[in-house]
Amino acid sequence: MTQMSFAASTTIVRFNVSEFAQQDISQQLRYFKLSENQRPIPQLSANLPAWLGSLTPHQKTNTFGDAFLSIFEIYNDSQQSEWFVYPYGSVIANIEIHSFDANKALTKVLSGHDVINQEDFHYGARLTIKPGQSKTIMLVFKSDYFFAPTKILVQPYHQLVQQFNLEKVLILLCLGICLALGVFNLFIFWVVKQYQYLHYALATLAFTLGWASVFGLPEFMGLGSSTSWLMPSYIIGAFFSCYFYMQFLKTAQQAPRTTLAFKITAAASLLALPFAFYNQGLGLYLASILTSAALFIGLYAGLTAWRQGYTPARYFIWALLAVLLPNSVGNLMNLGILPGFNINIYLLGLIGNSLDSLLLAFALAAQVRLLNLKNIDLTTSLEHTVEQRTKELTQANLQLEQTNSELLEANLAKGRFLATMSHEIRTPLTSIIGYADGILMGDIDKSEQERVTKIIAENGNHLLAVINDILDISKIEANKLEFEAIPTPLFAVLAQIESVVGKRARDKGLAFHLDYQYPLPAQIYTDPTRLRQILFNLTNNALKFTEQGFIGLSVAIEHGQLSIKVKDSGEGISTTQLKQLFQPFAQADSSINRRKGGTGLGLSISQRLARGLGGDIQVDSVPRKGSTFSLHIDLNVVENSPWISSVSEIWQATPTKTIKTVSLPDFSGNRVLLADDHPSNRELIAILLRRMNISVTEVENGQQVLDTLFYQQFDLLLLDIHMPQLDGCEALKQIRAAGNHTPVIALTANNMKHEVQHYLRLGFSDHLAKPLSRHHFVAKLAKYLSKHSAAQSHLQQKDMLVLIRDYQQELLIQLQKIESAWQQKDLTQISEVAHRIRGSASSFGFDLVSEKFADIEQSALQDDEIALSYTLPKALLLSRQCANLPQVDIPQGIVNHHNSVEQFLYALYELLNVAEHSFQDMLDALADNTVNSALVYLNDFQPHIKKCALLGSIEACEQLEVLFIQGDCNPYLTAPLIQQLKMHLSQLKHALSPNILTEL
């Protein structure tokens, strides 16, 4: 029986939520008895005092069954609205939780062991109490058993849910551990037929059933009521535990008196079992006494066995302590000897029981290990160890010899590679440097300079080809070479080979022929760049080693593959030389490199490229009669591609390209910062930029980049990666850290895909490969700079601004029409308006809006209301952010950002990010009376405010700039301007929230 404090008065106890946070309020409440003929609970709170006056105080809770209530009023003096009333600390069959609001009918929630609870494995109910309001709560307890003092908590719902979720995980985890251990040891008993495993398994499973019943797991799983098994399970567990303890500790031989005590406890458990089934309250007392007796006797027996040298007993002792401490506390609280503590004693007991089962399993494992150690033959083990060690040493020696051989071969290969590359690089460099010096020193006549310049260009291209071969073989070795499969006009590729190689063959006095074995497809899927690279390597090889006779190509389809054979009447290759022909840096003999030149990489690269295209290269050669190299690749014909049967059909089916003379665009008004430590490269790029009317500032290292950006603004930065003092990557990090988000393009010769991706992850906007391709260079500039070329409209910014302002108003009207149509679910009207927006928005800088409403139009045309319900609200929100922002001249902002609302929105997000930090730094500088620093921080975001056309902030920034330049930081003058800035930026941040652009 549990003693509780009560008052005779029927006054309802009132609490402020701030008074009982994290505290049990059960001892501060008044309790009232309930009888079977009791009047019904009033429906209104106003009738509660009179109704409570008819009740008598409740003094003690009857463990064998009782019915009583408690009532209190809560005033919410916090900002939380969602609360949870949590009765805990006992197992109770039924709890009714009534809540009364002023002048409103009561609401009731059922909880308890015999019902489905709002929160699994936990009693209680969720309440909504708005800040500043009160609510009266009545808890009605009805149960045939009360296992322990009941405690009551009222806490914010989100806090308790986090606690509940953690406890649920612990409950299921602990029950799962116990169940797994019990089943596993049943299987062990089935195999070894030792009863200690059976008794351990049955005891563990019995305790698992008891804890599962306490937490209502069978009811949660829909398996029916577990009330009858609440206490009998623990008594059954005590019975099998006694027999397990006896067998594990071998007390029958070592401690007969202890064995007798175990048997008496086990017999008492059997006698008590029917009473526990009859009444759970009586079962509570019996289970508490019997489990405690088994634990204390087991602990005594374990300590005795450990002192006698039985090492597995140490796990046994820790196991019993793990379950003894929490469950003894619970048992003493159940018996009323100890007062209730503010803890979940049942969860604590379950954790202890799980640790007990786990540690007992360790004890069984230690026992098995001890038995195994006694049966191990030390001599056999030693012989096995020596034999194994001998094998390992032998294997290590063999591996060491192989590694040493590989290192020697690699060292020789490195020497051959360096010698070959030195020759191949120095040879063209000799011509380049020699002829260049001749021109500079005046040794070469002007009439010869054009011819000499061509020689320099040819040697430069040869040098680039050598470097490309080295990079290709490196990529192949690293498995980083990439292949694509795109529609490729077969005859156009072959015609290119014929035009280049055929001319060179005829210039050398050789015949050249191209033989087609029809029919052949006009277009195939392959990688045209790699295919051309293979064919050029093979034909150039044939050209190099053929002094007289012919070179020919034959094209056919063989065994479902495309076959291209390169034949020559050259020197031929011996059988011995064929074996190493496709090895890197290998040639037919060492004299070939001296006579013909070459890196020895071409055939190796070609073979690996052919395999990348799904085929291979084979060679058939006879010394002094010539060679035939056969290329076979996968044949994937493009759909609907015609098949060619004669020469006359080739040019009808082969697409031709019209070569247009492309003039350089006009980028007038744009400013570019160019950083490259190589003066010649820098001068070459600057010349090309100035030809496009770009204002160029040149620097030679990363530190100069940072110094220049401190006082100048640019539309684009071109940064070389490798520079002295501060390289491009480190310079970029500092640029971004300073809040500068100007587009930055990386200039580098590192062009592997993983390297480019690395630069983009660092924050570079784009990448340009060295040596620069003019076409790619101009295309990248056009992506980031405002272009004024003949291909564009001749509209001036002022004219475009007027048009964008007019369309802005029209767009807002169209958005209202779509919202109205969506409310009426008029998908036809939505598709029509979306079509108008899609067709016109991009012409006025609202390209992003046009793109989103193209999707809306398609969904509406397909009557896909589900897709519209997801995409249309986001598209409308984004469009309103594009067209309607507080005190922002959106048309001017779009014009200032290359007529792109997407770039304008990104600029606004970046501005808010920069301003958030620089604004606070400016305030800190003003507080320290350092006006110059405040001016620097103001200049961090003032240009962005002007470019983004923030009308609500431009004037305030300009006035602050004037004051700071004059050295005046008088708060009477600066405070209103700062407040104006702060308010406008806050409004803008709110208008741009959520960041729907990033989400889309």
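Residues numbered from 1 in each chain as written. Predicted model: local features only at pLDDT ≥ 70, side-chain atom pairs only at ≥ 80, totals over all residues. Heavy atoms only, no water.

- As recorded in an unreviewed UniProt entry, the protein goes by the name histidine kinase, listed as coming from Paraglaciecola hydrolytica.
- In its Subcellular location (unreviewed entry) section, the UniProt entry covering the protein states "Cell membrane".
- Annotation of the protein in UniProt includes, under Catalytic activity (unreviewed entry), the sentence "ATP + protein L-histidine = ADP + protein N-phospho-L-histidine." (UniProt positions renumbered as here; feature names shortened; annotations may be inferred.)

**Examining the overall build of the protein**
Right, on to step 1. Check the secondary structure of the protein and you find 33 helices and 25 strands.
Right, on to step 2. Relative to its full complement of 1000 residues, the protein shows a buried share of 46%.
Right, on to step 3. Relative to all contacts within the protein whose residues are 6 or more apart in sequence, the contacts with residues 24 or more apart total 72%.
Right, on to step 4. Of the roughly 51,100 Å² of accessible surface on the protein, a fraction of 55% belongs to carbon and sulfur atoms. (Helix = DSSP H or I, 4+ residues; strand = E, 2+ residues; numbered from the N terminus. Buried < 20%, exposed > 50% of the residue type's maximum accessible area, 1.4 Å probe, protein only. Contact = heavy atoms within 4.5 Å. Areas by Shrake-Rupley, 256 points an atom, 1.4 Å probe, with all protein chains shown as cover.)

**Observations regarding helix α27 (residues 865–883)**
Right, on to step 1. In this model α27 runs 25 Å from its N-terminal to its C-terminal C-alpha over 19 residues, within 8% of the 27 Å that 1.5 Å per residue would give.
Right, on to step 2. Every buried residue of α27 is listed here: L868, L872, K874, A875, L876, L878, S879, Q881, C882 and A883. (Expected span 1.5 Å × (residues − 1).)

**Brief notes about the UniProt feature "modified residue: Phosphohistidine" (unreviewed entry) in the protein**
Right, on to step 1. Cross-referencing UniProt, the feature "modified residue: Phosphohistidine" (unreviewed entry) maps to H835 in the present numbering.
Right, on to step 2. Secondary-structure assignment places H835 in helix α25 (residues 827–840).
Right, on to step 3. Here H835 falls in the partly exposed class, since its relative accessible area comes to 40%.

**Focus on the packing of helix α5 (residues 232–249) against helix α7 (residues 256–278)**
Right, on to step 1. For the pair α5 and α7, the least separation of the axes is 9 Å and the interaxial angle reads 165°. As far as their axial angle goes, α7 and α5 are roughly antiparallel. As for how α5 packs across α7, the hand of that crossing is left-handed. Side by side, α5 and α7 meet where P232, I235, I236, A238, F239, C242, Y243, Y245 and M246 of the first sit next to T259, F262, K263, T265, A266, S269, L270, A272, L273, A276 and F277 of the second. (Axes fitted to C-alpha atoms, helices over the stretch in contact; angles between N-to-C directions. Parallel < 35°, antiparallel > 145°, perpendicular 65-115°, else oblique. Left-handed = near helix turned anticlockwise from the far one by under 90°.)

**Quick look at helix α8 (residues 280–307)**
Right, on to step 1. The terminal C-alpha atoms of α8 lie 40 Å apart, and with 28 residues this matches the ideal 40 Å at 1.5 Å per residue to within 8%.
Right, on to step 2. The opening residue of α8, the one whose side-chain oxygen lies 2.8 Å from the backbone nitrogen of L282, is N279.
Right, on to step 3. Once α8 ends, the next one or two residues include G309, with phi positive near 100°. (Polar contact = N/O pair within 3.5 Å; in protein donor to acceptor, adjacent residues only side chain to side chain.)

**Examining unusual backbone geometry**
Right, on to step 1. A cis amide bond links Y518 to the next residue, P519, at an omega of -5°.
Right, on to step 2. Mapped onto the fold, P519 is located in the loop between β13 (511–516) and β14 (520–521).
Right, on to step 3. The phi angle at R624 is positive, at roughly 65°, despite the residue not being glycine.
Right, on to step 4. Along the chain, R624 falls in the loop between β18 (616–622) and β19 (626–634).
Right, on to step 5. Residue class for R624 comes out exposed when judged on its relative accessible area of 75%.
Right, on to step 6. Here the phi dihedral of Q725 falls at roughly 65°; this positive angle occurs in a residue that is not glycine.
Right, on to step 7. Structurally, Q725 is set in the loop between β23 (716–720) and α21 (728–737).
Right, on to step 8. The class for Q725 is exposed, based on a relative accessible area of 70%.

**Observations regarding empty space enclosed by the protein**
Right, on to step 1. Throughout the structure, instances matching the rule amount to 3 cavities of 30 Å³ or more.
Right, on to step 2. Empty space within the second largest cavity amounts to approximately 300 Å³.
Right, on to step 3. Lining the second largest cavity are 23 residues, with F121, H122, Y123, V214 and F215 positioned closest to its centre.
Right, on to step 4. Where the lining of the second largest cavity is concerned, the elements lending two or more residues are β6 (82–88) and α4 (217–220).
Right, on to step 5. Per element, the largest residue contribution to the lining of the second largest cavity is 3 residues, and it comes from β6. (1 Å grid on protein atoms, 1.4 Å probe; cavity = no way out; pocket = protein on both sides within 12 Å on 5 of 7 lines; lining within 4 Å. Points joined across faces, edges and corners; volume = space filled by probe spheres on them.)

**Structural notes on the layout of surface pockets**
Right, on to step 1. Taken as a whole, the second largest pocket encloses approximately 1,600 Å³ of empty space.
Right, on to step 2. Lining the second largest pocket are 46 residues, with F714, N740, H741, T742 and H944 positioned closest to its centre.
Right, on to step 3. Secondary structure elements with two or more residues in the lining of the second largest pocket: α20 (702–711), α21, α23 (774–784), α28 (890–896), α29 (901–927) and α30 (931–947).
Right, on to step 4. Among the elements that line the lining of the second largest pocket, the one with the most residues is α30, at 8 residues.

**Side note on the sheet that holds strand β9 (residues 125–128)**
Right, on to step 1. Spatially, the 3 strands line up as an open sheet ordered β9-β6-β11, and their pairing is antiparallel. With partners counted over all chains shown, the strands left at the sheet margins are β9 and β11 (151–156), one partner each. Along the sheet, successive strands turn relative to each other by an average axial angle of 25°, direction set aside.
Right, on to step 2. Here β6 pairs with β9 via 4 bridges, running antiparallel. Paired with E82 across the strands is T128, a residue of β9.
Right, on to step 3. Contacts from helix α2 (residues 157–192) reach β6, β9 and β11, with the element oriented near 45° to β6. (Pairing = 2+ DSSP bridges.)

**Notes on the nonpolar core**
Right, on to step 1. With 68 residues, the main nonpolar core has I837, F846, F853, L908, F941, L950 and F964 as its most contacted residues.
Right, on to step 2. Ranked by residues supplied to this core, first place goes to α29 with 14 residues.
Right, on to step 3. The contacts of F941, once residues within four sequence positions are left out, are L911, V914, A915, S918, F919, M922, C957 and L981.
Right, on to step 4. Formed by 54 residues, the second largest nonpolar core is a distinct cluster that contains V13, V91, A287 and Y346. (Core = buried A, V, L, I, M, F, W, Y, C linked by side-chain atoms within 4.5 Å.)

**Overview of the environment of D620**
Right, on to step 1. Along the chain, D620 falls in strand β18.
Right, on to step 2. For the pair formed by D620 and S630, sequence separation is 10 residues and the distance between their alpha carbons is 8.2 Å.
Right, on to step 3. Once residues lying within four places of it in the same chain are set aside, the contact partners of D620 are G626, S627 and T628.

**Some thoughts on the pattern of salt bridges**
Right, on to step 1. The tally for this structure, following the rule as stated, stands at 17 salt bridges.
Right, on to step 2. Where R690 meets E698, a salt bridge forms, and the shortest distance between an N and an O atom there is 3.1 Å.
Right, on to step 3. Looking at E698, the relative accessible area reads 34%, which means it is partly exposed.
Right, on to step 4. The structure contains a network of salt bridges with shared partners spanning R682, R690 and E698. (Salt bridge = Lys/Arg side-chain N within 4 Å of Asp/Glu carboxyl O.)

**What to know about the packing of aromatic side chains**
Right, on to step 1. Tallied over the entire structure, the rule returns 24 aromatic pairs.
Right, on to step 2. We note R126 situated over the ring of Y157; from NZ or CZ to the ring centre the distance is 3.9 Å.
Right, on to step 3. The lysine or arginine in question, K193, covers the ring of F189, its NZ or CZ lying 6.0 Å from the ring centre. (Phe/Tyr/Trp six-rings, centres within 6.5 Å; stacked < 30°, edge-to-face > 60°. Lys NZ or Arg CZ within 6 Å of the ring centre and 35° of its normal.)

**Some details on the side chain of S99**
Right, on to step 1. Mapped onto the elements, S99 comes out in strand β7 (residues 94–100).
Right, on to step 2. Classification of S99 as buried rests on a relative accessible area of 6%.
Right, on to step 3. A distance of 2.4 Å separates a polar atom in the side chain of S99 from a polar atom in the side chain of T107.
Right, on to step 4. In this structure S99 touches L106, T107, L127, K135, T136 and I137, once residues within four positions along its chain are discounted.

**Quick notes on the side chain of T251**
Right, on to step 1. Here T251 shows up in helix α6 (residues 251–254).
Right, on to step 2. Among the residues examined, T251 registers a relative accessible area of 3% and is labelled buried.
Right, on to step 3. A polar side-chain atom of T251 sits 2.8 Å from a polar atom in the side chain of T259.
Right, on to step 4. Not counting chain neighbours up to four residues away, the residues in contact with T251 comprise Y245, M246, P256, T258, T259, F262 and A301.

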